[in-house]
Amino acid sequence: MSETTATVPRWHVAGDWFDTCRCNVPCPCTFAQPPTFGACDGVLAWHVNAGSYGDVPLDGLNVLMLASFVGNVWGEHSDAYAAVFLDERADEAQRTALQMIFGGQAGGWPSQLVGTLGPEVRGMDFAPVEIEVDEDLGSWRAVIPGRVEAGAVALGGPTTPEGARVQSVNMPGSETGPGQVVTWGRATVDRADAFGFQWSREGQSSKHIPFDWSGPDS
């Protein structure tokens, strides 16, 4: 990517993010603690409800990542690696914009997250990334046919009011940055078979967090 921070236009993206991972419910990473089993891997999915990169519209586009690491992602950790899938519906300008924003080169929160995680990127592809999030946050899902499938339902229990969501605020390890509300879920499906990532499980942690980012940094 030849574009530099000095030439990055003003940009803004807002939408839905969720993950499914190996940890027990609730995932300790969002509490800035080591993962349940000492290492974690999972699916991370972003849907841009509204956004632009300069004059390039990004509304409706999707990004999905497979990631793995050992230790506390917000502290001492190692063996961090990832693979990224960008929405194949994006045109050339949109593809560049998505790579700049979600790769961290355009500043803003993604730059901080990439700098913290420091993953080795083991693959990148343009693919038919499908993401659905219920308006009432009752469930969420992401699919790349034949390669990735992740889905979850909102967490509930014997004392959860009907239709209410189990949520947390002011989390010390929110993956989409400060000030967002975490809605907890349990994975109904969590499968990956791409770029050396391979797992199939269900019943583990999932969470939805909105994102609202802008850049470049002042």
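What you see is a predicted model, and the numbers here were worked out from it, not measured in a lab.

Calculation rules
Residues numbered from 1 in each chain as written. Predicted model: local features only at pLDDT ≥ 70, side-chain atom pairs only at ≥ 80, totals over all residues. Heavy atoms only, no water. Helix = DSSP H or I, 4+ residues; strand = E, 2+ residues; numbered from the N terminus. Rg over C-alpha atoms; globule rule 2.2 N^0.38 Å. Buried < 20%, exposed > 50% of the residue type's maximum accessible area, 1.4 Å probe, protein only. Contact = heavy atoms within 4.5 Å. Areas by Shrake-Rupley, 256 points an atom, 1.4 Å probe, with all protein chains shown as cover. Lys, Arg positive; Asp, Glu negative; His and termini not counted. Charge placed at Lys NZ, Arg CZ, Asp CG, Glu CD. Polar contact = N/O pair within 3.5 Å; in protein donor to acceptor, adjacent residues only side chain to side chain. Phe/Tyr/Trp six-rings, centres within 6.5 Å; stacked < 30°, edge-to-face > 60°. 1 Å grid on protein atoms, 1.4 Å probe; cavity = no way out; pocket = protein on both sides within 12 Å on 5 of 7 lines; lining within 4 Å. Points joined across faces, edges and corners; volume = space filled by probe spheres on them. Nonpolar A, V, L, I, M, F, W, Y, C, P; charged D, E, K, R; others polar.

Of regular secondary structure, the chain possesses two helices and 13 strands. In terms of C-alpha radius of gyration, the chain reaches 16 Å, essentially the compact-globule figure of 17 Å for 218 residues. If one aligns the C-alpha atoms of the chain with their principal axes, the spans along those axes are about 55 × 35 × 35 Å. Counting all 218 residues of the chain, 50% fall into the buried class. Sequence separation of 24 or more characterises 67% of the internal contacts of the chain that already satisfy a separation of 6 or more. Summing over all exposed atoms, the chain offers an accessible surface of approximately 9,800 Å²; the carbon and sulfur share of this is 49%. Separation of charge centres in the chain, based on 12 positive and 27 negative side chains, amounts to 5 Å.

Listed in full, the buried residues belonging to helix H2 (residues 108-117) are Gly 108, Trp 109, Pro 110 and Leu 117. Buried residues along H2 sit against strand S1 (11-21), strand S4 (62-71), strand S5 (77-87), helix H1 (92-102) and strand S13 (205-215).

Another point: the side chain of Ser 168. Within the secondary structure layout, Ser 168 lies in strand S10 (residues 167-168). Its relative accessible area of 16% is what places Ser 168 among the buried residues. At a separation of 2.8 Å, a polar atom in the side chain of Ser 168 contacts the side chain of Trp 184. Once residues lying within four places of it in the same chain are set aside, the contact partners of Ser 168 are Gln 180, Val 181, Val 182 and Trp 184.

This next bit is on the environment of Gly 196. Its location among the elements puts Gly 196 in the loop between strand S11 (182-194) and strand S12 (197-201). Judged by its relative accessible area of 78%, Gly 196 falls in the exposed class. The spatial distance from the C-alpha of Gly 196 to the C-alpha of Ala 83 is 9.1 Å, given a sequence separation of 113 residues.

Attention shifts here to the packing of aromatic side chains. Enumeration according to the criterion identifies nine aromatic pairs in this entry. Ring geometry for Phe 85 and Phe 195: centres 5.6 Å apart, planes at 45°, overall tilted. In this pair, Phe 85 is assigned in strand S5 and Phe 195 in the loop between S11 and S12, connecting sequence segments 110 residues apart. Taking relative accessible area as the criterion, Phe 85 reaches 0% and is therefore assigned buried. Owing to a relative accessible area of 32%, Phe 195 belongs among the partly exposed residues under this scheme. Measuring from centroid to centroid gives 4.7 Å for Phe 211 and Trp 213, while their planes differ by 35°, and the two rings are tilted.

In this structure, the largest pocket encloses a volume near 640 Å³. It is strand S2 (residues 39-53) that contributes the most residues to the lining of the largest pocket, six residues altogether. Its residues placed into classes, the lining of the largest pocket shows 27 nonpolar, five polar and four charged.

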